[in-house]
Amino acid sequence: MLGQGCCRAVLARGPCAEVTRCSCGHIHLAVGPVTLRLEEDVLRALGHTLVEAIHQLELPPTHEAEAREPAEAAAHGAPTGGWKQ
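Residues numbered from 1 in each chain as written. Predicted model: local features only at pLDDT ≥ 70, side-chain atom pairs only at ≥ 80, totals over all residues. Heavy atoms only, no water.

Trainee: What exactly am I supposed to notice about the overall build of the protein chain here?
Mentor: Within the protein chain, the secondary structure is distributed over two helices and four strands. Starting at the N terminus and walking to the C terminus, you meet the elements of the protein chain as β-β-β-β-α-α. By residue count, 11% of the 85 residues in the protein chain fall in the buried class. Expressed as a percentage of contacts within the protein chain between residues at least 6 apart in sequence, the contacts between residues at least 24 apart total 6%. (Helix = DSSP H or I, 4+ residues; strand = E, 2+ residues; numbered from the N terminus. Buried < 20%, exposed > 50% of the residue type's maximum accessible area, 1.4 Å probe, protein only. Contact = heavy atoms within 4.5 Å.)

Trainee: I'm lost on the sheet that holds strand S1 (residues 8-13) in this one. Help?
Mentor: Backbone-to-backbone hydrogen bonds pair the strands of a sheet. The strands run either parallel or antiparallel. Across the sheet, four strands lie side by side as S1-S2-S3-S4; this open sheet has antiparallel pairing. Either end of the sheet is taken by a strand with one partner, and the two such strands are S1 and strand S4 (34-38). Each neighbouring strand pair of the sheet contributes to a mean axis angle of 25°, computed without reference to strand direction. One ladder, built from five bridges, connects strand S2 (residues 17-22) with strand S3 (residues 27-31); its direction is antiparallel. Residue pairing for S3: Ala 17 is matched across the bridge by Val 31. Running at roughly 120° to S4, helix H1 (residues 40-58) makes contact with S2, S3 and S4 of the sheet. (Pairing = 2+ DSSP bridges. Axes fitted to C-alpha atoms, helices over the stretch in contact; angles between N-to-C directions.)

Trainee: Hey, could you run me through the pairing of S2 in this one?
Mentor: In regular strands, side chains alternate between the two faces of the sheet. Two elements, S1 and S2, share five bridges in a ladder whose sense is antiparallel. When the bridges of S2 are listed, Arg 8 appears paired with Cys 22. Taking the residues between adjacent antiparallel strands as the criterion, S1 and S2 are bridged by three residues. Here S2 folds back onto S3, and the loop between the two strands holds four residues, one of which, Gly 25, carries a positive phi near 105°.

Trainee: Help me out: how do you make sense of the environment of Gly 32 in this one?
Mentor: Along the chain, Gly 32 falls in the loop between S3 and S4. Along the backbone, Gly 32 and Pro 15 are 17 residues apart, and their C-alpha atoms lie at a distance of 9.5 Å.

Trainee: So what exactly am I meant to see when it comes to the environment of Val 42 here?
Mentor: In this fold, Val 42 is placed in helix H1. Along the backbone, Val 42 and Ile 27 are 15 residues apart, and their C-alpha atoms lie at a distance of 9.4 Å.

Everything listed is a geometric property; what it means functionally is a separate question.
Laid out in structure tokens, this is it:
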């Protein structure tokens, strides 16, 4: 719900997502029926993460298993770089 006096400007729109900036400074990422309100630095970090995921999808299968090792280590309690909510 928009606050009184708030308006949104579309930053980007695609077939499955839309990114808008509210006049009060929030960034809204809408994917289907879900909208996330993000800080600008979190949106940038999310973008980098998505680009890396796409890059990993384009690698031959032998590299995919190597890329999964850090995620598997995290699942077993190994420390990771973490992420910001």
